[in-house]
Amino acid sequence: MTVQKARLLIEDWLPVAELGVESRRERGAASALPPLSFLHIWWARRPLVASAAVAIAGLLPTWDDDLAAAFPDAPELSNEAAYRRWLLHLVGIWGDPVHGRKVIDAANAAGVKLQGNGYGYKQAFRNAIPRQDIDLLHAVLRRTWGELPTVADPTAGGGSIPWAASRLGLPAFANDLNGVAASVLKAGVQVPARHGSALGNDLKHWGNILISRTEKRLKSFFPLNAGERVIAYIWVNAITCPRTGRAVPLLPDKWLRKVPGKEAAVRLITEIDGVQLSQPEFEVVLGTSVDKQDAAVGTTGRGKAISPYDNLVIDGEYIKAEAQGGRMTQMLYALSVKTAGGERTFRAPTQDDLDAVEKADREFESLRDRWFMEGILPTEEFPEGNDLRPKHYGLDRWVDFFSPRQALVHGTFGEEFANLIPEVRAALGDRADDVLFELALMQGKALNYNSRLGSWHVSKQVMRSVFERHDFAFKWTFAEFEGATALYSWCLDQLLDAYGGIARLLDETGAVDYQGQEPLERKVTVTQGSATDLALDAKSIAHICMDPPYYDNVMYAELADFFYVWEKRTLGRLVPEFFGDELSDKDNEAVANLARFAALGRRKKELADLDYETKMTAIFSEARRVLRDDGVLSVMFTHKRAEAWDTLGMGLLQAGFTIETSWPVNTEAETSLHQANMNSAASTIMLVCRKRDDRDDGVQSYLDDIEQDIRQAARDAAQRFQHDGIDGVDLLLSTYGPTLSVISRHWPVYSSTPDADGRDQLLRPEDALNIAREEVVDLRRSRLVGNAPKVDDLTDFVLMAWDIFGARQFPFDTARLLALAVGGLDVDSLERAKIISKSAGMVTLLAPHERLRRTADSALPGVRPDAEAFEYVIDAVDTALYIAAVDGTQAVKRFLDRHGYTGDGAFVSTLQGLVNAVPRTKIKGTYVVPEAELLDTLCTLYFPDVSLPEAEELAVVATEPTATLFEM
């Protein structure tokens, strides 16, 4: 039986342009992120504004006359335009962000300072939604669903989706396999929803008691000069020189600060008065005393070292062997301090500093075994995984990631926290464990900023955290927090600010309008476990809104172990069910993890892909079980590689879903002027899915049967989304959802090619995505050169690359897919033809002068001024541009006349395509891409029939006022 399904707003409309600008705005400044981001690190959080929009648009019905008639006193529902404006209002977009962004970009280009923020309203997540809007939202949803519907996120991670839903008063269910993530969900979503700001005083009171006790025990290990405050102790790893037996500090360079006039560096001293030292000493030099050449030279680079004693190389394998043998030591070589007078400066360690380190080492040695036995310190070994660099340098156990003094600091906090638990429970009763849970999160902040994998940021003059990147990169030098008075007091301040900000945003949204009105109730359920087995009844959820793991982007469990092994000894005392395993669960994690299949050699990638697909299929199957028959599944996904989309799409299809529509929302950092020559995926694709009704028509579908539908869907999507500012890699990605939608409506669909045994085989989504990309290429090509016949594959690739990406540099995998779509090319052949160069996962379109061929290889494609003929038109065009740049216009005229290019249709069509495709952006009168100016000159002088588009001069400030949709 077919269930009547109300048409939902997200199936017809989502404000992708507005959400894109606001998402980038939300993430634009590291210091102005939503407070949820500062509570505890997690490696992928969707913007709150996009999460809120998708969560409620997946529940709100599309507008119709019946809806307006049901709420005659609600102007927000009176017509479709008002209804859509209301959605923007509900997610905090209280102005025109698209126009605001244009004003800001133009002002930045012109060097003009704007009054205010340029938008006319605060970041969307900061705007408190009034209670009357929340009540109206709930009334509409109850009319649509018969109850206030629940938003469920089975892979909730950092918690953006459940938090956004809870803020609007919607029941939220959040689950994650990882115990650290589940803890973040509890602390960042569930506890604030339950208590709001009322917990603040308890957190401050008991937090101060905890850090006071910790400080008392640690103070003697961190002596301070009178009035001085230590910002960071700066250390270097060292090994013994294999020839002299003397200590070699492994310094990449000697800089401490590069600010002009305030330079600071260390000088390495290996002898005093002609007497060689057994280990070097360090002198801090400041200002004009700094020898900049010496400061720029270190003792290590590319994994090797140079001995400062004989200036000979120390091999990298020797360094690793010393580290793995426990013979790598650490040397304190500088302190960043703030003096009693308020000056920030640097000094060398004193004997008191060094004695304190030795004293801390002895104290840790005396406590270590007891702490291991009592579960204060982690005993677990660093496991096999994708990033083994710590093991290469002797960090075999998780406790080895910390110097003895750092481990002493963290262990002391852990012990004092355990001692505090019964006191808080006795004093606070039912709310005690929630207070303790939040306080325990201070540990995660401390671990991230006080480890041997943290470092000193010379440019920003701050401590750099362990996870500034998503890996375990070993640091030759590292920075240590002052552990007695500074570290945990800073962590408490961070906790109070983050929790206070989270609670304030919740309290202010939906606050009572009048005396006697009931406070807004927020119901949040958090579980830890596999998304394939949710603690939910069948057909109970109206909207499953999820941001699943992105294939191989982040190995969450491997990274989370850094916190897991410590937090199961603090948080685990409160929720032991979150930390039942020795380490984070990697076997059941839905990521394409090559390390799990490393023993299988060349098949490891194939098996990792299959494992990811199998797990995602199981997750989607469980989602189908708990989803109401009239409910919707929305999936947020970001990945530029086709394999990721192939496996995700197959999981959805096999689990029994149709993809109804998709929306690309630009959620990453916006392309700016300094990025004019680079293009990479910046959009999150929102897939909107429904349960597929079982087919009983007996018809078997093949790819050939639906190919035209795929082409049309891809063409329609590309045309529609390019008008919303979606371009480059993201324009290709925007066609993936519509393509999967066509397949899902006819599923099961079989490949047009049988398997090796001649039997039908299920279609892989990648086969259909290839067709979609071909259609985008054809569409864009016709826009560039009209109905001119195809010239040649190399020329078409260059035209399409400039047109689609609008940049000289773009991802390798996207280049591969475009090459296939253009004419079955491959990246290696493009490199041999000097069309591109490749490095570090990116490809770069070569400029004409970079394509120059010498006599020895003059038969190959490229720029050849003396060639008699050209096989590829792009070679002829680039040669003309090269001659114009090097020899001038008269020389290029002779070249064109000699080859007859002024009347050559293919040459002229290619010029027309290039002037349409190559970015014509100017900054202060100069083209960002030099080829644009050369093309202008060539066409103006010799090709009057080529139409030149207007150049875009960015140094013009928009003066139109920002439209305001709602009163602030």
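Provided above is the structure to which this section pertains.
Residues numbered from 1 in each chain as written. Predicted model: local features only at pLDDT ≥ 70, side-chain atom pairs only at ≥ 80, totals over all residues. Heavy atoms only, no water.

K.L.:
Please clarify how the overall build of the protein chain should be interpreted in this entry.
P.N.:
Looking only at helices and strands, one finds 32 helices and 28 strands in the protein chain. A compact globule built from 968 residues should have a C-alpha radius of gyration of about 30 Å, and the protein chain, at 31 Å, falls within 12% of that. Taken over the C-alpha atoms alone, the protein chain extends approximately 85 × 80 × 65 Å along its principal axes. Considering the protein chain as a whole, with its 968 residues, one finds that 58% of them fall into the buried category. When contacts within the protein chain are restricted to residue pairs at least 6 apart in sequence, long-range pairs at least 24 apart make up 74% of them. Here the protein chain has roughly 39,200 Å² of accessible surface; of this, 47% comes from carbon and sulfur atoms. (Helix = DSSP H or I, 4+ residues; strand = E, 2+ residues; numbered from the N terminus. Rg over C-alpha atoms; globule rule 2.2 N^0.38 Å. Buried < 20%, exposed > 50% of the residue type's maximum accessible area, 1.4 Å probe, protein only. Contact = heavy atoms within 4.5 Å. Areas by Shrake-Rupley, 256 points an atom, 1.4 Å probe, with all protein chains shown as cover.)

K.L.:
Sorry if this is basic, but what is going on with the sheet that holds strand β25 (residues 842-845) here?
P.N.:
Adjacent strands of a sheet form backbone hydrogen bonds with each other and so pair up, either parallel or antiparallel. Taken together, three strands build an open sheet; the order of strands is β23-β25-β24 and the sheet is antiparallel. On the outer flanks of this sheet lie β23 (809-811) and β24 (836-839), each paired with one strand and no other. In this sheet, neighbouring strand axes are inclined to one another by 25 degrees on average, regardless of whether the strands run parallel or antiparallel. Helix α27 (residues 812-823) rests against β23, β24 and β25 of the sheet, and its axis sits at about 90 degrees to β23. (Pairing = 2+ DSSP bridges. Axes fitted to C-alpha atoms, helices over the stretch in contact; angles between N-to-C directions.)

K.L.:
Help me understand the packing of aromatic side chains, please; the structure alone is not making it clear to me.
P.N.:
Here a ring pair, both rings aromatic, is described through the centre-centre distance and the interplanar angle of the planes. Enumeration according to the criterion identifies 39 aromatic pairs in this entry. Taking the centre distance of 5.9 Å and the plane angle of 5 degrees together, the rings of W235 and F478 count as stacked. Here the residue W235 occupies a position in strand β3 (residues 229-240), and F478 occupies one in strand β15 (residues 477-480), the gap between them amounting to 243 residues. Of the two residues, W235 and F478, both sit in the buried class. Aromatic side chains F562 and F563 sit 5.1 Å apart centroid to centroid with 85 degrees between the ring planes, which places their arrangement in the edge-to-face category. F563 gets classed as buried once you look at its relative accessible area, which sits at 0%. An aromatic cluster of three or more residues is present, and its members are W42, W43, F382, W398, F401, F402, F467, F472, Y556, F562, F563 and W566. The aromatic ring of Y121 is capped on one face by R25, whose charged end is 4.9 Å from the ring centroid. If you follow R405 out to its NZ or CZ, it ends over the ring of Y233, 4.5 Å from the centre. (Phe/Tyr/Trp six-rings, centres within 6.5 Å; stacked < 30°, edge-to-face > 60°. Lys NZ or Arg CZ within 6 Å of the ring centre and 35° of its normal.)

K.L.:
Can you help me understand empty space enclosed by the protein in this one?
P.N.:
Where empty space is left becomes clear once a probe the size of a water molecule has been rolled over the atoms. Per the counting criterion, the structure on display carries seven cavities of 30 Å³ or more. Taken as a whole, the largest cavity encloses approximately 120 Å³ of empty space. Taken together, 13 residues line the largest cavity, and the ones lying closest to its centre are V798, W802, L846, D878 and E931. Put simply, the parts of the chain that give the lining of the largest cavity at least two residues each are α26 (793-805), α29 (873-887) and α32 (930-942). Tallying contributions element by element places α29 first for the lining of the largest cavity, with three residues. Its residues assigned to classes, the lining of the largest cavity comprises 10 nonpolar, no polar and three charged. Put simply, the second largest cavity is a space of about 100 Å³. Taken together, L48, V49, A52, L90, V91, A124, F125, I129, W163, A164, R167 and L168 form the lining of the second largest cavity. Contributions of two or more residues to the lining of the second largest cavity are made by α4 (48-57) and α9 (160-167). Residues that form the lining of the second largest cavity fall into these classes: 11 nonpolar, no polar and one charged. (1 Å grid on protein atoms, 1.4 Å probe; cavity = no way out; pocket = protein on both sides within 12 Å on 5 of 7 lines; lining within 4 Å. Points joined across faces, edges and corners; volume = space filled by probe spheres on them. Nonpolar A, V, L, I, M, F, W, Y, C, P; charged D, E, K, R; others polar.)

K.L.:
How should I be thinking about the environment of V180 in this particular structure?
P.N.:
On the secondary structure map, V180 appears in helix α10 (residues 179-195). Filtering out sequence-adjacent residues up to four positions away, V180 remains in contact with H40, W42, A560, F563, Y564, E567 and F579.

K.L.:
How should the sheet that holds strand β6 (residues 264-272) be read in this particular structure?
P.N.:
Spatially, three strands are ordered β5-β6-β7 in an open sheet, and the strand pairing comes out antiparallel. With partners counted over all chains shown, the strands left at the sheet margins are β5 (255-257) and β7 (275-286), one partner each. With direction set aside, neighbouring strand axes in the sheet form an average angle of 30 degrees. Two elements, β6 and β7, share eight bridges in a ladder whose sense is antiparallel. Note on β7: the bridge partner recorded for I272 is V275.

K.L.:
So what exactly am I meant to see when it comes to α9 here?
P.N.:
Helical periodicity: at 3.6 residues per turn, an α-helix aligns residues three or four positions apart in one direction. Summarising burial for α9: eight of the eight residues are buried, a large majority. If you check which residues of α9 are buried, you get S160, I161, P162, W163, A164, A165, S166 and R167. Positive phi shows up at G169, right after α9, with a value of about 80 degrees.

K.L.:
I tried to follow the packing of α29 against α32 on my own but got confused; where do I start?
P.N.:
What describes two packed helices is the angle between their axes and the distance between those same axes. Between α29 and α32, the least distance of the axes is 10 Å, while the angle of their chain directions is 95 degrees. Classified by the angle their axes make, α29 and α32 are roughly perpendicular. Contacts from A880, L881 and A885 in α29 reach L934, L935 and L938 in α32. Classifying every residue of the contact of α29 with α32 by side-chain character gives six nonpolar, no polar and no charged. (Parallel < 35°, antiparallel > 145°, perpendicular 65-115°, else oblique.)

K.L.:
Could you clarify how one ought to interpret the packing of α29 against helix α30 (residues 889-899) in this entry?
P.N.:
Where α29 contacts α30, the axes come no closer than 7 Å and their chain directions differ by 150 degrees. As far as their axial angle goes, α30 and α29 are roughly antiparallel. Each of A876, T879, A880, I883, A884 and D887 in α29 lies in contact with α30, whose residues at this interface are T889, A891, V892, F895 and L896. The class makeup of the residues in the contact of α29 with α30 is eight nonpolar, two polar and one charged.

K.L.:
So what exactly am I meant to see when it comes to α4 here?
P.N.:
In terms of burial, α4 is a largely internal element, 10 of the 10 residues being buried. Within the span of α4, buried status applies to L48, V49, A50, S51, A52, A53, V54, A55, I56 and A57.

K.L.:
Just checking my understanding: could you explain unusual backbone geometry for this structure?
P.N.:
The phi torsion of most residues other than glycine is negative, and most of the peptide bonds are trans. A cis geometry characterises the amide bond from W747 onward to P748, with omega recorded as 5 degrees. Within the fold, P748 resides in the loop between α24 (736-746) and β22 (749-750). The backbone phi angle of Q461 is positive, close to 60 degrees, even though this residue is not glycine. Residue placement: Q461 occurs in the loop between β13 (455-457) and β14 (462-464). Owing to a relative accessible area of 11%, Q461 belongs among the buried residues under this scheme.

K.L.:
How do you make sense of the environment of A446 when you look at a structure like this?
P.N.:
Within the secondary structure layout, A446 lies in helix α17 (residues 432-449). Looking at A446, the relative accessible area reads 0%, which means it is buried. Once residues within four sequence positions are removed from consideration, A446 is found in contact with H410, L487, Y488 and C491.

K.L.:
Looking at this structure, how should I read the side chain of K475?
P.N.:
For K475, the position within the fold is in the loop between β14 and β15. The side chain of K475 sits in the buried core without any salt bridge; D471 is the nearest counter-charge, 5.7 Å away. Side-chain polar atoms of K475 contact the backbone oxygen of L453, separated by 2.9 Å. Other than its neighbours up to four places away in sequence, K475 contacts N237, R452, L453, G454, S455 and V466. (Lys, Arg positive; Asp, Glu negative; His and termini not counted. Salt bridge = Lys/Arg side-chain N within 4 Å of Asp/Glu carboxyl O. Polar contact = N/O pair within 3.5 Å; in protein donor to acceptor, adjacent residues only side chain to side chain.)

K.L.:
Please clarify how the side chain of S634 should be interpreted in this entry.
P.N.:
For S634, the position within the fold is in strand β18 (residues 627-637). Take S634: its relative accessible area is 1%, and that puts it in the buried class.

K.L.:
What am I meant to see in the state of the cysteines here?
P.N.:
Covalently bonding the sulfur atom of one cysteine to the sulfur atom of another cysteine gives a disulfide. This structure, assessed with the given rule, holds zero disulfides. Not engaged in a disulfide, the cysteine C545 finds its nearest cysteine sulfur in C689; these two sulfurs lie 11 Å apart. Residue class for C545 comes out buried when judged on its relative accessible area of 0%. (Disulfide = S-S within 2.5 Å.)

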